[in-house]
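Okay, here's what each chain looks like letter by letter:
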Amino acid sequence: SSGINAEYGETERSLHDAIMIVRRAMKNDSVVAGGGAIEMELSKELKSYAKTIHGKEQLLITAYAKALEIIPRQLCDNAGFDATVILNKLRQRHAQGDKWMGMDITSEDIADNFVACVWEPSIVKKNALTAACEACCTILSIDETVKNPNSNYKAPNAMPGM
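Residues numbered from 1 in each chain as written. Predicted model: local features only at pLDDT ≥ 70, side-chain atom pairs only at ≥ 80, totals over all residues. Heavy atoms only, no water.

Right, let's talk about the packing of helix α2 (residues 37-50) against helix α3 (residues 56-68) for a bit. Across the interface, α2 lies against α3 with an axial gap of 8 Å and an inter-helix angle of 165°. Viewed along their axes, α2 and α3 adopt a mutual orientation that is roughly antiparallel. Crossing of α2 over α3 shows left-handed handedness. Two secondary-structure elements touch here, α2 through Glu39, Leu42, Ser43, Leu46, Lys47, Tyr49 and Ala50 and α3 through Gln58, Ile61, Thr62, Tyr64, Ala65, Lys66 and Leu68. Of the residues assigned to the contact of α2 with α3, the class counts are eight nonpolar, three polar and three charged. (Axes fitted to C-alpha atoms, helices over the stretch in contact; angles between N-to-C directions. Helix = DSSP H or I, 4+ residues; strand = E, 2+ residues; numbered from the N terminus. Parallel < 35°, antiparallel > 145°, perpendicular 65-115°, else oblique. Left-handed = near helix turned anticlockwise from the far one by under 90°. Contact = heavy atoms within 4.5 Å. Nonpolar A, V, L, I, M, F, W, Y, C, P; charged D, E, K, R; others polar.)

Turning next to the pattern of salt bridges. Evaluated as defined, the whole model comprises nine salt bridges. A salt bridge links Asp98 to Arg93; the shortest N-O distance between them is 2.7 Å. Arg93 sits in the partly exposed class, given a relative accessible area of 31%. When the shortest N-O distance is used, the salt bridge between Glu120 and Lys125 registers 3.3 Å. The exposure class of Lys125 is buried, given its relative accessible area of 15%. A single salt-bridge network, built from bridges that share partners, covers Glu39, Glu120 and Lys125. (Salt bridge = Lys/Arg side-chain N within 4 Å of Asp/Glu carboxyl O. Buried < 20%, exposed > 50% of the residue type's maximum accessible area, 1.4 Å probe, protein only.)

Structure (structure tokens):
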């Protein structure tokens, strides 16, 4: 019935996504470690870079670095792991230079996901980060347009006679 059809459709979409990722990996042989490893490494590098600059740019870069950690946190949450413990372990190992450390779902811990063959095509990560940045810029652009004090729009008074 409809439940079976929905399950079949979801299975078909999941298989299609997996096949397309393998296809991309075959065409673009550059890969990065998965399981949140690349996001944690990028976050670490951005936090380090943010310390070298001042002003609003520093705040923006630090916020972006923090946002990248949402990916491994969500992976932990989805797997039922304690995200705080896993992320602290990942931060520590990345600070020590272990750039491919990510979440290991089989051991409920962390592991060198490059060695463990938990890979993601670099192009997929690059496209995802680009799309996320573009979406964020669009939202901020709309927000600035709405908040622009030089716009011709005048808000009506809350009450007549004010």
